[in-house]
Amino acid sequence: MAQSKIYKNFIGGEWVESRSGQTFENVNPADTRDIVGIFPASSKADVDDAVESAKAAAEKWRLTPPPKRAEILFRAGEILTERKEDYARDMTREMGKVLKETRGDVQEAIDTAFYMAGEGRRLYGVTTTSELQNKFAMCVRVPIGVVGMIAPWNFPMAIPSWKLFPALVCGNTCVIKPAEDTPLSTLNLVRALVEAGLPKGVVNIVTGFGPDAGAPIVNHPDTRAISFTGSSEVGRIVGEVAARSFKPCSLEMGGKNAIIVLDDANVDLAVEGAVWGAFGTTGQRCTAASRMLVQKGVYNEFVSKFVERSSRLKVGNGIDESVEMGPQINQQQIETSARYVELGRNDGAKLLLGGNRLTSGDHARGHFFEPTIFGDGNYKMRIALEEIFGPVVTVVPIGSFDEAIEVANSTPYGLSSSIYTRDVNKAFKAVRDIYAGITYVNAPTIGAEVHLPFGGVKSTGNGHREGGIGAIDFFSQWKSVYVDYSDKLQRAQIDTE
Ligand code: UN1
């Protein structure tokens, strides 16, 4: 067997081993015999080095004009475009999702690069009036400083790009920890930035595990803001720790996203959307559709078509172009899916499709789970309430539009949502009344575009948004500027005459 490639951390513009020399293996989830690479298992000492290097680079980067920062992002976008196919293949190998989707993941990073490069010549602030004569008032955006980032494995290039590119155009320097399951794609992203001319120390990567390499980023007194994407369970800890030192902290967490299908919907279109929303990325998106709330008039038709279409999905190694659904990321996620199948059965839902790990033939080598559909669910069942992050979906029969909205809003999460209807009044009411960060009309819950704010409410997030102007808002701070050209002391609120 060929020797596995050894990768390093990227600190201060150099590729370096972890101080302890400890490493971990990045394994292909479709074939666990395939070791994608050996990566540094970093700890506090490595994070300290990375933060030190980000601090050293901060002053020069802060004073680099934003359009110049943006030129580097623009070139990085071009490099990513040239390398799209190679980077997509690397990503399928380390993460498992099918090539079409990993190409999409790289494309999302390209889109973010070009969009955020455009911000270099905007980064708009506000000019406003003054209550006093001969006085000028405006607010400008200024950088925060060193920003710490912790990224998930399901969008291993797109999500790091959502964090890095806006942070960079705003003038911050960065320390990023990719997920331990998918470090290579973040390395590839940063390689593109470096080749595009990013100065040393402006972005630093430490690879490794949350408790050892993630926690020190959040704890470090010199990381002035934290951007985290992951589970609500870990996000709670990150948020609490960041709050102790008053660090702005953006948390992007779980979802339990519903597709509502009303009696007047185009059922075939809804079924097509449901298959893509539920089983795209093997259900491992925080925006995945894991609940179908289907009105009784079309319930039977929807369920039989949904089960039939899903039963034909080809599950396998995503590097094969004909495969439609890849593996789950690791053994733990498989166990979670299996546990929820058990819970669904015990709670009285009807298993209509799948429910098992795939263990024969090529499937035996990877973490494969069948597309799984439960019918006759209700909003009290744990399979209909909790995030599963796997190919397990529950169909819930619904009486009325009002009930659909109520059930859609009944989970602890509020990321994405969708309604299929041809009634414009109901569509707009759903847009108004579903309590979530994203609502789609006649489209599934996945597929957010990078120039719109992305994020959710309740246990999904803490009020910040990635993507679009939301990201610029998080990665910059407001400075209000008053220029008095009256040549005398003027006192706001006092000199009222
Ligand atoms: C995620 O699931 O963590 O909207 C992000 C989408 C993708 C991003 C998903 N553009 O489904």
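Residues numbered from 1 in each chain as written. Predicted model: local features only at pLDDT ≥ 70, side-chain atom pairs only at ≥ 80, totals over all residues. Heavy atoms only, no water.

**Description of the overall build of the chain**
In step 1: Scanning the chain for helices and strands turns up 13 helices and 21 strands.
In step 2: In summary, the chain has a C-alpha radius of gyration of 24 Å against a globular reference of 23 Å for 497 residues, a match within 12%.
In step 3: Reported as C-alpha extents along the three principal axes, the dimensions of the chain are approximately 80 × 70 × 40 Å.
In step 4: Within the chain, counting contacts between residues at least 6 apart in sequence, those at least 24 apart form 75% of the total.
In step 5: Accessible area of the chain: about 20,900 Å², with a carbon and sulfur share of 51%.
In step 6: Taking the 54 positively charged and 60 negatively charged side chains of the chain as two groups, their mean positions are separated by 2 Å. (Helix = DSSP H or I, 4+ residues; strand = E, 2+ residues; numbered from the N terminus. Rg over C-alpha atoms; globule rule 2.2 N^0.38 Å. Contact = heavy atoms within 4.5 Å. Areas by Shrake-Rupley, 256 points an atom, 1.4 Å probe, with all protein chains shown as cover. Lys, Arg positive; Asp, Glu negative; His and termini not counted. Charge placed at Lys NZ, Arg CZ, Asp CG, Glu CD.)

**A word on the domain arrangement of the chain**
In step 1: Its domain assignment divides the chain into domain 1 (5-253 + 461-480) and domain 2 (257-441).
In step 2: Look at where the C-alpha atoms of domain 1 and domain 2 centre, and you get two points 31 Å apart.
In step 3: Applying the counting rule to domain 1 against domain 2 returns 2 salt bridges.
In step 4: The shortest N-O distance in the salt bridge between Glu 321 and Arg 103 comes to 2.8 Å.
In step 5: Our enumeration of links across domain 1 and domain 2 arrives at 7 residue pairs in polar contact (both at pLDDT 80 or more).
In step 6: In terms of residue count, helix α2 (residues 66-95) provides more of the side of domain 1 that touches domain 2 than any other element does, 4 residues in total.
In step 7: Classifying every residue of the side of domain 1 that touches domain 2 by side-chain character gives 8 nonpolar, 6 polar and 10 charged. (Domains from an automatic or database assignment. Salt bridge = Lys/Arg side-chain N within 4 Å of Asp/Glu carboxyl O. Polar contact = N/O pair within 3.5 Å; in protein donor to acceptor, adjacent residues only side chain to side chain. Nonpolar A, V, L, I, M, F, W, Y, C, P; charged D, E, K, R; others polar.)

**As for the site of the ligand**
In step 1: The immediate surroundings of the ligand are formed by Glu 108, Asn 154, Phe 155, Ile 159, Trp 162, Arg 285, Cys 286, Thr 287, Ile 446, Gly 447, Ala 448 and Phe 454.
In step 2: The side chain of Asn 154 places a nitrogen or oxygen atom 3.3 Å from an oxygen atom of the ligand.
In step 3: The separation between an oxygen atom of the ligand and a polar side-chain atom of Arg 285 is 2.8 Å.
In step 4: Its free accessible area being 320 Å², the ligand has 98% of it covered by the protein chains.
In step 5: Partitioning the shell around the ligand into residue classes produces 7 nonpolar, 3 polar and 2 charged. (Near = heavy atom within 4 Å.)

**A few points about the sheet that holds strand β18 (residues 417-420)**
In step 1: Spatial ordering of the open sheet is given by β14-β15-β16-β13-β12-β18-β19, a layout of 7 strands whose pairing is mixed. Each end of this open sheet is capped by a strand with a single partner; those strands are β14 (350-353) and β19 (440-441).
In step 2: Of the pairings in the sheet, the one linking strand β13 (residues 289-295) to strand β16 (residues 392-398) comprises 5 bridges and is parallel in character. If you follow Leu 293 over to β16, its bridge partner there is Val 396.
In step 3: Across the sheet, helix α8 (residues 267-279) touches β12 (257-261), β13, β15 (372-375), β16 and β18, and the angle it forms with β13 is around 155 degrees.
In step 4: Of the strands in this sheet, β14, β15 and β16 are in contact with helix α10 (residues 331-346), which crosses β15 at around 20 degrees. (Pairing = 2+ DSSP bridges. Axes fitted to C-alpha atoms, helices over the stretch in contact; angles between N-to-C directions.)

**Focus on the side chain of His 220**
In step 1: Considering the arrangement of structural elements, one finds His 220 in the loop between α6 (210-219) and β10 (225-229).
In step 2: At 3.0 Å, the side chain of His 220 and the backbone nitrogen of Asp 222 are in polar contact.
In step 3: Apart from residues no more than four positions distant in its own chain, His 220 is found in contact with Asp 48, Val 51 and Lys 247.

**A word on α10**
In step 1: Taking 1.5 Å per residue, 16 residues should reach 22 Å; α10 reaches 23 Å between its end C-alpha atoms and fits that length.
In step 2: Looking only at α10, the buried set comprises Gln 333, Ile 334, Thr 336, Ser 337, Tyr 340, Val 341, Leu 343 and Gly 344.
In step 3: On its buried side, α10 packs onto β15 and β16.
In step 4: Once α10 ends, the next one or two residues include Gly 348, with phi positive near 95 degrees. (Expected span 1.5 Å × (residues − 1). Buried < 20%, exposed > 50% of the residue type's maximum accessible area, 1.4 Å probe, protein only.)

**Some words on the pattern of salt bridges**
In step 1: For the structure shown, the criterion picks out 27 salt bridges.
In step 2: Across the pair Asp 49 and Arg 19 runs a salt bridge whose closest N-O atoms are separated by 2.7 Å. Of this pair, Asp 49 sits in helix α1 (residues 44-62) while Arg 19 sits in the loop between β2 (14-16) and β3 (23-27); the two residues are 30 residues apart in sequence, bridging distant segments of the chain.
In step 3: Taking the shortest distance from any N to any O, the salt bridge between Lys 426 and Asp 423 comes out at 3.7 Å.
In step 4: Judged by its relative accessible area of 24%, Asp 423 is partly exposed.

**Overview of the side chain of Arg 291**
In step 1: Within the fold, Arg 291 resides in strand β13.
In step 2: Despite being buried, Arg 291 has no salt bridge partner; Glu 403 is the closest side chain of opposite charge, sitting 11 Å away.
In step 3: Those residues in contact with Arg 291, other than ones at most four positions away along the chain, are Lys 256, Asn 257, Ala 258, Ile 259, Ala 384, Val 393, Thr 394, Val 407, Ala 408, Ser 410 and Thr 411.

**Side note on the nonpolar core**
When a protein is soluble and globular, its nonpolar side chains tend to lie buried together.
In step 1: Within the largest apolar cluster, 69 residues are counted, with the highest numbers of intra-cluster contacts made by Leu 80, Leu 164, Phe 165, Leu 168 and Leu 193.
In step 2: Contact partners of Leu 168, with chain neighbours within four places excluded, come to Trp 61, Arg 69, Leu 73, Cys 174, Leu 193, Leu 198, Val 202 and Val 203. (Core = buried A, V, L, I, M, F, W, Y, C linked by side-chain atoms within 4.5 Å.)

**Examining the packing of aromatic side chains**
Geometrically, a pair of aromatic rings is defined through the distance of the ring centres and the angle of the planes.
In step 1: Using the criterion set out here, one finds 10 aromatic pairs in the structure.
In step 2: Ring geometry for Phe 10 against Trp 15: centres 4.6 Å apart, planes inclined by 45 degrees, an arrangement best described as tilted.
In step 3: For Phe 10, a relative accessible area of 5% translates into the label buried.
In step 4: Its relative accessible area of 35% is what places Trp 15 among the partly exposed residues. (Phe/Tyr/Trp six-rings, centres within 6.5 Å; stacked < 30°, edge-to-face > 60°.)

**A short note on the state of the cysteines**
In step 1: Within this structure, the stated rule accounts for 0 disulfides.
In step 2: Free of any disulfide, Cys 170 has its nearest neighbouring cysteine sulfur in Cys 174, separated by 10 Å.
In step 3: When its relative accessible area of 4% is taken as the criterion, Cys 170 is described as buried.
In step 4: The cysteine Cys 249 is free of any disulfide, with Cys 174 supplying the nearest cysteine sulfur at 15 Å.
In step 5: A relative accessible area of 6% places Cys 249 in the buried class. (Disulfide = S-S within 2.5 Å.)

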